[in-house]
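Here's the letter readout for the chains.
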Number of protein chains: 2
Amino acid sequence: MIVIPLGVSSATPTAVRHLPSVALWREGSVFLFDCGENAQMRLLQAGIKRSKVDTIFISHLDGDHIFGLFGLLSTLQLQRRDKTLHIVGPQGLKKMVDTVFKTTEVELEFDIKYKELKDGFEHEVVLEDEEYYVEARPLKHTKLCIGYRFQEKDKPGKVDAEKAETAGISEDAQFKALKNGEDVTLEDGTVVHSADIVGDPRPGQSFVYVTDTEFCENAIRLAENATILYHEATFGEPLKEKAEDTGHSSAQDAAIVAKTAKVERLVIGHFSARYSNQFLLLKEARGVFEKTWLAYELRPIFTNPAQEKDIISPRVEIIDLKDKRAQKSRKTFKPEAKRKGSFKKRRFKRKPANARYYKSDSDQSRRGRYKKPYKQRPEEDQSKSSPHRPGKPLPITPRTPFDDFDRF
Amino acid sequence: MIVIPLGVSSATPTAVRHLPSVALWREGSVFLFDCGENAQMRLLQAGIKRSKVDTIFISHLDGDHIFGLFGLLSTLQLQRRDKTLHIVGPQGLKKMVDTVFKTTEVELEFDIKYKELKDGFEHEVVLEDEEYYVEARPLKHTKLCIGYRFQEKDKPGKVDAEKAETAGISEDAQFKALKNGEDVTLEDGTVVHSADIVGDPRPGQSFVYVTDTEFCENAIRLAENATILYHEATFGEPLKEKAEDTGHSSAQDAAIVAKTAKVERLVIGHFSARYSNQFLLLKEARGVFEKTWLAYELRPIFTNPAQEKDIISPRVEIIDLKDKRAQKSRKTFKPEAKRKGSFKKRRFKRKPANARYYKSDSDQSRRGRYKKPYKQRPEEDQSKSSPHRPGKPLPITPRTPFDDFDRF
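Quantities reported herein were computed from a predicted structural model and do not represent experimental measurements. (Residues numbered from 1 in each chain as written. Chains lettered and ligands numbered in written order. Predicted model: local features only at pLDDT ≥ 70, side-chain atom pairs only at ≥ 80, totals over all residues. Heavy atoms only, no water.)

Caption draft 1: Summary view of the pattern of salt bridges. As enumerated under the stated definition, the model contains 20 salt bridges over all chains in all. A:Arg26 is paired through a salt bridge with A:Glu131; the nearest N and O atoms lie 3.1 Å apart. Of this pair, A:Arg26 sits in strand β2 (residues 21-26) while A:Glu131 sits in the loop between β7 (124-128) and β8 (132-138); the two residues are 105 residues apart in sequence, bridging distant segments of the chain. For A:Arg26, a relative accessible area of 7% gives the class buried. Relative accessible area serves as the criterion here: at 42%, A:Glu131 is assigned to the partly exposed category. The closest approach of N and O atoms between A:Asp320 and B:Arg315, which form a salt bridge, is 3.7 Å. Taken together, the residues A:Asp320 in strand β17 (residues 316-320) and B:Arg315 in the loop between α12 (305-308) and β17 (316-320) connect one chain to another. For the pair A:Asp320 and B:Arg315, a shared accessibility class is recorded, and that class is buried. (Salt bridge = Lys/Arg side-chain N within 4 Å of Asp/Glu carboxyl O. Helix = DSSP H or I, 4+ residues; strand = E, 2+ residues; numbered from the N terminus. Buried < 20%, exposed > 50% of the residue type's maximum accessible area, 1.4 Å probe, protein only.)

Laid out in structure tokens, this is it:
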């Protein structure tokens with residue numbers, strides 16, 4: 001499975017973070033968790049065909065999580081989709097979609113099957129297939145909000161061909177029966193036990209999507225032993241009170257859920273627009289649960305990198321022209337004028353790193369010339385730095401500079 | 001006035017072109033023409049404060065032109081807007097917006113004043129202010145579609161201070177009266193005529209927004225002598241039939257409207273997703289009307305560059321990672337590995353351009369070495385090329401490669 005965050009912002013987008021949506025790729029099918037504004041374009045930009053979307057899971061009916069639905073459905077219509085689309089979410093979804101398309105005088109020509117969950121439900125399997133199922137549980141938000149767990153079913157163990165042959169198994173049907181856990185009786189009456197020939201079942205992988213919730217029991221229940229838990233981390237611990245007021249989690253809350261549920265990997269997303277530096281949230285979460293990653297838009301997360309690499313790769317990159325830090329750390333993005341300089345500095349680098357004075361072999365006049373101290377070459381310095389450099393905390397802007405209001 | 005195209009795609013977005021929306025900045029106020037999906041983020045990315053949006057003009061109720069409305073209104077709500085917002089558009093808009101916000105349980109706390117136009121209207125002034133007015137006329141599409149003209153009123157001419165003094169004008173009130181076109185009677189009974197002292201009125205500028213229409217009379221009426229006409233050019237002339245079937249214009253149609261209406265500048269936008277090379281459309285339009293520009297997303301168009309430069313500048317840049325052509329022509333974006341090469345080639349360039357064989361001064365062994373013919377150095381070649389290089393038409397892909405359907 002491949003998890004691709006399409007939008008990692010919370011209620012309002014920033015210049016580079018989109019509204020919430022996460023795509024899950026599995027064996028060619030795509031499942032969408034929430035459908036924030038512009039999700040259709042983000043799918044395209046992520047390198048995912050929109051026609052491959054089979055099911056859309058909506059967590060709750062807040063605009064930031066659903067306003068991309070209308071556009072996506074319109075595009076599927078223009079693509080002349082004929083496959084059924086499944087939409088799972090809280091009650092009221094169908095009526096809203098129908099009204100919007102009635103106003104725009106569009107009659108969708110493909111089937112949409114809605115599965116609407118009512119306030120008060122406790123646990124439900126909302127989708128079941130031969131190879132996987134999806135279960136839902138209510139979370140703790142200002143309105144009905146649903147958490148989802150996408151669970152692959154365990155695959156049967158591998159048949160040990162050598163052992164099987166020794167035991168006298170020869171026909172395909174017999175192999176199949178053994179693989180399905182059935183014992184096989186041979187013509188001479190010998191019983192070959194499945195357990196002797198077939199290895200342990202291989203556990204299925206799982207993806208859990210928990211967003212817009214305070215810390216809650218159901219999040220832990222959903223996430224138990226999950227392969228990947230995608231959990232909201234709207235705020236940092238210093239804004240804990242605001243988080244509780246608005247029904248959200250802090251990064252630490254997310255980490256506690258992950259730790260308690262013993263997940264393999266926690267991915268945090270749904271960041272408040274105030275955090276231009278989301279590493280602050282990562283640091284907070286890692287303090288509790290080391291195996292935490294930040295969700296990056298369009299950057300795929302593989303559950304099995306060996307098999308899944310290069311299946312999905314982003315088509316675009318959005319560059320924040322005002323974020324000098326991001327631009328400097330981006331090696332492939334440097335203005336022409338600076339390139340010459342960096343070429344020269346690369347030549348300097350070939351000298352021993354501790355040589356502050358050096359003698360030129362070829363030119364007497366340069367003998368003994370003082371080489372500028374290391375710190376005066378910020379560009380070279382930058383290329384070695386990472387956002388995580390210890391001892392150098394990056395600044396956090398309490399508000400984003402481009403809008404004058406107290407957002408969350 | 002500054003015109004900022006926010007989205008220049010038609011029905012479906014491409015990886016780098018957003019759904020239709022154009023912002024008009026005038027003296028600190030922002031007017032939005034159509035509100036395609038993600039318009040709120042595009043405003044932010046263009047460097048425009050969303051709180052400055054005063055009026056939204058909707059051309060018609062097709063999803064691609066309105067699905068950004070819900071998100072934008074939600075964000076204005078979160079920004080705690082208290083100013084009234086005006087929305088002008090076809091009948092049905094208010095009902096749709098109300099239903100959506102009822103579903104998401106949001107009660108908008110700022111006033112929205114709707115001005116809904118009914119099918120069958122002929123001409124209407126939909127907004128009037130001291131300094132400008134906006135008129136609307138129906139266009140020719142598959143459903144009611146409205147074209148808008150934003151017209152600054154003529155400013156009074158400048159008072160010739162010297163002439164006024166000679167005539168005996170001394171008080172502020174007298175100056176004001178003259179400026180307003182009134183004659184002033186002095187104490188000694190002399191009448192000073194306004195026309196003698198005040199220059200000709202300075203004509204106001206205008207912006208005309210015409211999208212989703214076949215070639216039609218009303219477009220010409222709206223555009224008469226306009227400063228900037230933003231006109232759709234969904235197709236090229238070879239797809240004229242498709243354009244007529246779907247109620248759209250070709251680039252040539254747009255140019256004919258501009259030429260007939262004698263506009264100062266035509267800007268074409270609303271390109272079908274099939275055109276990865278929109279210069280084809282530009283070429284077609286320029287064949288009829290030379291003063292045509294392509295709409296580029298987030299690139300501002302100034303009616304008065306001397307005064308308006310640097311007021312609006314984009315915050316982000318979207319790079320299409322699969323468009324090698326675009327990346328090569330973009331000097332600031334080259335992978336590290338290629339930079340060394342381009343440095344070397346720059347050194348070669350210092351030789352006379354017509355020197356195909358050259359003698360090295362310093363090294364006998366290199367004497368007479370054959371320098372590779374020019375055409376084998378594609379990178380250097382690229383840097384000199386422009387999308388408009390005559391004799392080298394760029395390819396047009398009849399379909400975009402990422403989706404398998406016949407879109408428009």
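Caption draft 2: Expanded view of the packing of aromatic side chains. All names here are of chain A. Within this structure, the stated rule accounts for 25 aromatic pairs over all chains. A centroid spacing of 5.4 Å and a plane angle of 80 degrees characterise the contact between Phe31 and Tyr132, whose relative ring orientation is edge-to-face. Note that Phe31 is positioned in strand β3 (residues 29-33) and Tyr132 in strand β8, a separation of 101 residues in sequence. A network of ring pairs unites the aromatic residues Phe33, Phe57, Tyr148, Phe207, Tyr209 and Tyr230 as a single cluster. Taking NZ or CZ as reference, Arg81 lies 5.9 Å from the ring centre of Phe110, over its face. (Phe/Tyr/Trp six-rings, centres within 6.5 Å; stacked < 30°, edge-to-face > 60°. Lys NZ or Arg CZ within 6 Å of the ring centre and 35° of its normal.)

Caption draft 3: Region of interest: the sheet that holds strand β14 (residues 265-269) of chain B. Residues and elements named next belong to chain B. On the basis of which strands lie adjacent, the open sheet formed by seven strands has the order β7-β8-β9-β12-β13-β14-β15 and mixed pairing. Among the strands making up the open sheet, the edge pair consists of β7 (124-128) and β15 (292-294). Between one strand and the next, the sheet's axes are offset by a mean angle of 20 degrees, whatever the strand orientation. Of the pairings in the sheet, the one linking β7 to strand β8 (residues 132-138) comprises four bridges and is antiparallel in character. Across the sheet, the residue bridging to Glu124 is Ala136, located in β8. (Pairing = 2+ DSSP bridges. Axes fitted to C-alpha atoms, helices over the stretch in contact; angles between N-to-C directions.)

Caption draft 4: A look at the packing of helix α3 (residues 69-78) of chain A against helix α4 (residues 93-103) of chain A. Residues and elements named next belong to chain A. At a minimum axis separation of 11 Å, α3 and α4 run at an interaxial angle of 60 degrees. As α3 packs across α4, the resulting crossing turns out to be right-handed. Residue-level inspection shows Leu69, Phe70, Leu73 and Ser74 of α3 in contact with α4, the latter providing Leu93, Met96, Val97, Val100 and Phe101. For the contact of α3 with α4, the per-class residue count stands at eight nonpolar, one polar and no charged. (Left-handed = near helix turned anticlockwise from the far one by under 90°. Contact = heavy atoms within 4.5 Å. Nonpolar A, V, L, I, M, F, W, Y, C, P; charged D, E, K, R; others polar.)

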